[in-house]
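Residue-level structure breakdown
Now for the letters of each chain:
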Amino acid sequence: MKRFENKVALVTGSSQGIGAACALRLASEGADIILNGRKLDERGDGILKQITDMGQRATFLEADVSDYHNVVKLVNDAVKVYGKLDILVNNAGVEKNHNFWEVTEEDYDFVMDTNLKGVFFGIQAYVKYCIAEKRTGVVVNMSSVHEEIVFPHFSPYCASKGALKMLTRNLATELAPLNIRINNVAPGAIATPINKSLLENKEQLESVLKNIPMKKLGKPEDVAAVVSFLASEDAAYVTGSTYFVDGGLTYHYEEQ
Ligand code: NAI
Ligand code: BGC
């Protein structure tokens, strides 16, 4: 029996990178999938096809999760597609590289609205649905090692992921009586398009690898495996935690 047989999962920002890997992993374990992105393009089409080729159902819902009305509608529409929503994976996220003193209000809103506001109100819409249907629920948020460690020149990003850490802890306590579990996954440096400039800069990449005890970047699939665990009944007693998937990056210390 597959872990997610008869389950439906919504994965935000799932046309590429970690979100796509999460969608594929959950589908490989039997889930029907609601994919999401701002626009359906050939990348989203490709993921849809891979999922239906596995024998699972998949639907793509266009929505910009940084917008309150869009993210609420996304969750409500996701429930309607296959009649229920068992798993919510808040994966969509963005970052911008700026000196702190050069960050504009627009830069700040872009990052915070996607990484925090969209997650906050997406979870709220999901919890309202669970309450209305008197059902249990599971939420996994894509945080980052930067919910814990610094990332100079990415202040809004760090602020958004740090806030996700406390949001998850707070909600774990508040939602446990409703039988809704919520956890964070905190990836380290993963080879995805978000790290395009890092992957193209040999010097910078070497300097990043020096900080990673396993001396390699992670793969989206490494992250998806942990998301899948947290979304499953194998994690039935896990809530309010952050699972690091970082090759040892976060608590790394070495004397030369
Ligand atoms: P990515 O840039 O490859 O993929 C992000 C996806 O989210 C894209 O498909 C993008 O179009 C979508 N997206 C962005 N804003 C959106 C919005 N407003 N509405 C709907 N979709 C939106 O990035 P990656 O690496 O796959 O990142 C996924 C998550 O993992 C993010 O939350 C990121 O912060 C987090 N993360 C990534 C790490 C990495 O090293 N790649 C490390 C730690 C965390
Ligand atoms: C960022 C990546 C970065 C990684 C490790 C992630 O949260 O999105 O750009 O490489 O953390 O620093």
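Our subject is the structure listed above.
Notes on the structure follow.

Thresholds, definitions, all that
- Residues numbered from 1 in each chain as written.
- Chains lettered and ligands numbered in written order.
- Predicted model: local features only at pLDDT ≥ 70, side-chain atom pairs only at ≥ 80, totals over all residues.
- Heavy atoms only, no water.
- Near = heavy atom within 4 Å.
- Polar contact = N/O pair within 3.5 Å; in protein donor to acceptor, adjacent residues only side chain to side chain.
- Areas by Shrake-Rupley, 256 points an atom, 1.4 Å probe, with all protein chains shown as cover.
- Helix = DSSP H or I, 4+ residues; strand = E, 2+ residues; numbered from the N terminus.
- Expected span 1.5 Å × (residues − 1).
- Buried < 20%, exposed > 50% of the residue type's maximum accessible area, 1.4 Å probe, protein only.
- Arc of directions from axis to C-beta.
- Contact = heavy atoms within 4.5 Å.
- Pairing = 2+ DSSP bridges.
- Axes fitted to C-alpha atoms, helices over the stretch in contact; angles between N-to-C directions.
- Parallel < 35°, antiparallel > 145°, perpendicular 65-115°, else oblique.
- Nonpolar A, V, L, I, M, F, W, Y, C, P; charged D, E, K, R; others polar.
- Phe/Tyr/Trp six-rings, centres within 6.5 Å; stacked < 30°, edge-to-face > 60°.

Turning our attention to the site of ligand 1. Taken together, the neighbourhood of ligand 1 is formed by 29 residues, with Gln16, Asp64, Asn91, Tyr157 and Thr192 sitting nearest. Note that an oxygen atom of ligand 1 is positioned 3.3 Å from one of the side-chain N or O atoms of arginine 38. Between ligand 1 and asparagine 91, the relevant distance is 2.8 Å, taken from an oxygen atom to a main-chain nitrogen or oxygen of the residue. When ligand 1 sits alone it has 820 Å² of accessible area, and the protein chains cover 93% of it.

For helix α8 (residues 220–231), spanning twelve residues, the distance from its first C-alpha to its last is 16 Å, which sits close to the expected 16 Å at 1.5 Å a residue. Looking at α8, one finds that the buried residues are Pro220, Val223, Ala224, Val227, Ser228, Leu230 and Ala231. Down the axis of α8, the buried set is contained in an arc of 160°. They therefore lie on one face. Residues of α8 that are buried in the fold lie against α1 (17–28), β4 (87–90), β5 (137–142), β6 (180–187) and β7 (242–245).

Another aspect to go through is the sheet that holds strand β2 (residues 32–37). Across the sheet, seven strands lie side by side as β3-β2-β1-β4-β5-β6-β7; this open sheet has parallel pairing. The open sheet has two edge strands, β3 (58–62) and β7, and neither has a second partner. Between one strand and the next, the sheet's axes are offset by a mean angle of 20°, whatever the strand orientation. When β4 meets β5, the two strands line up parallel, connected through four bridges.

Another aspect to go through is the packing of α1 against helix α2 (residues 42–53). Relative orientation of the contacting elements α1 and α2 amounts to 10°, with a least axis distance of 9 Å. With respect to α2, the element α1 is oriented roughly parallel. Facing Ala20, Ala23, Leu24 and Ala27 of α1, the residues of α2 in contact are Ile47, Gln50 and Ile51. By residue class, the composition of the contact of α1 with α2 is six nonpolar, one polar and no charged.

For the structure on display, the rule yields seven aromatic pairs. Between tyrosine 68 and phenylalanine 121, the aromatic rings sit 4.9 Å apart at their centres with planes inclined by 80°, giving edge-to-face as the arrangement. One end of the pair, tyrosine 68, is in helix α3 (residues 68–82); the other, phenylalanine 121, is in helix α4 (residues 105–133), and 53 residues separate them in sequence. The structure contains a cluster of three or more aromatic residues connected by ring pairs, namely Tyr68, Phe120 and Phe121.

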